[in-house]
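# Structural features, examined
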Amino acid sequence: MWSIVLMGLAGLLVGGALSFRQQHKPLWTQVSFYVLAGMSLLAAYLLTLPAG
């Protein structure tokens, strides 16, 4: 369940980064959104691994 939520969050963050790119916002905002999206996808993957 949580992995699906985290994947959706990653999609929203990538969309936000693309939106900031179109608005010509500073590069660090785009990079931070991409990094957060990557971390969200990594967390979603780690939640799918078997415990133990």
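These remarks concern the structure in this document. What you see is a predicted model; the values in this text were computed from it and never measured.

## A few points about the overall build of the chain
A count of helical and extended segments in the chain gives two helices and zero strands. Taking 52 residues into account, the globule formula puts the C-alpha radius of gyration at 10 Å, and the chain, at 13 Å, lies well above it. Per-residue burial over the chain gives 21% buried out of 52 residues. For the chain, the exposed area adds up to about 4,000 Å²; of that, 75% sits on carbon and sulfur atoms.

## Focus on the side chain of S40
Here S40 is to be found in helix α2 (residues 27-48). Excluding its chain neighbours within four sequence positions, the residues that come into contact with S40 are L6, L9 and A10.

## Description of α2
In this model α2 runs 32 Å from its N-terminal to its C-terminal C-alpha over 22 residues, within 8% of the 32 Å that 1.5 Å per residue would give. Here α2 has its buried residues at T29, Q30, A37, S40 and A44. Looking straight down α2, one finds its buried side chains confined to an arc of 105°; they lie on one side. Exposed residues lying more than 90 degrees from the buried face of α2 are L27, W28, M39 and Y45.

## Considering the packing of aromatic side chains
Each aromatic ring pair is characterised by the separation of its centres together with the angle its planes make. Tallying each qualifying case throughout the model produces one aromatic pair. When the centroid spacing of 5.1 Å and the interplanar angle of 80° are considered together, the rings of F20 and F33 count as edge-to-face. Linking F20 in helix α1 (residues 2-22) with F33 in helix α2, this pair joins segments that are 13 residues apart in sequence. For F20, a relative accessible area of 24% puts it in the partly exposed group.

## Topic: the side chain of S3
Of note, S3 is situated in helix α1. Leaving out residues up to four positions away in the same chain, S3 has contacts with A44, L47 and T48.

Reading the values: rules and limits
- Residues numbered from 1 in each chain as written.
- Predicted model: local features only at pLDDT ≥ 70, side-chain atom pairs only at ≥ 80, totals over all residues.
- Heavy atoms only, no water.
- Helix = DSSP H or I, 4+ residues; strand = E, 2+ residues; numbered from the N terminus.
- Rg over C-alpha atoms; globule rule 2.2 N^0.38 Å.
- Buried < 20%, exposed > 50% of the residue type's maximum accessible area, 1.4 Å probe, protein only.
- Areas by Shrake-Rupley, 256 points an atom, 1.4 Å probe, with all protein chains shown as cover.
- Contact = heavy atoms within 4.5 Å.
- Expected span 1.5 Å × (residues − 1).
- Arc of directions from axis to C-beta.
- Phe/Tyr/Trp six-rings, centres within 6.5 Å; stacked < 30°, edge-to-face > 60°.

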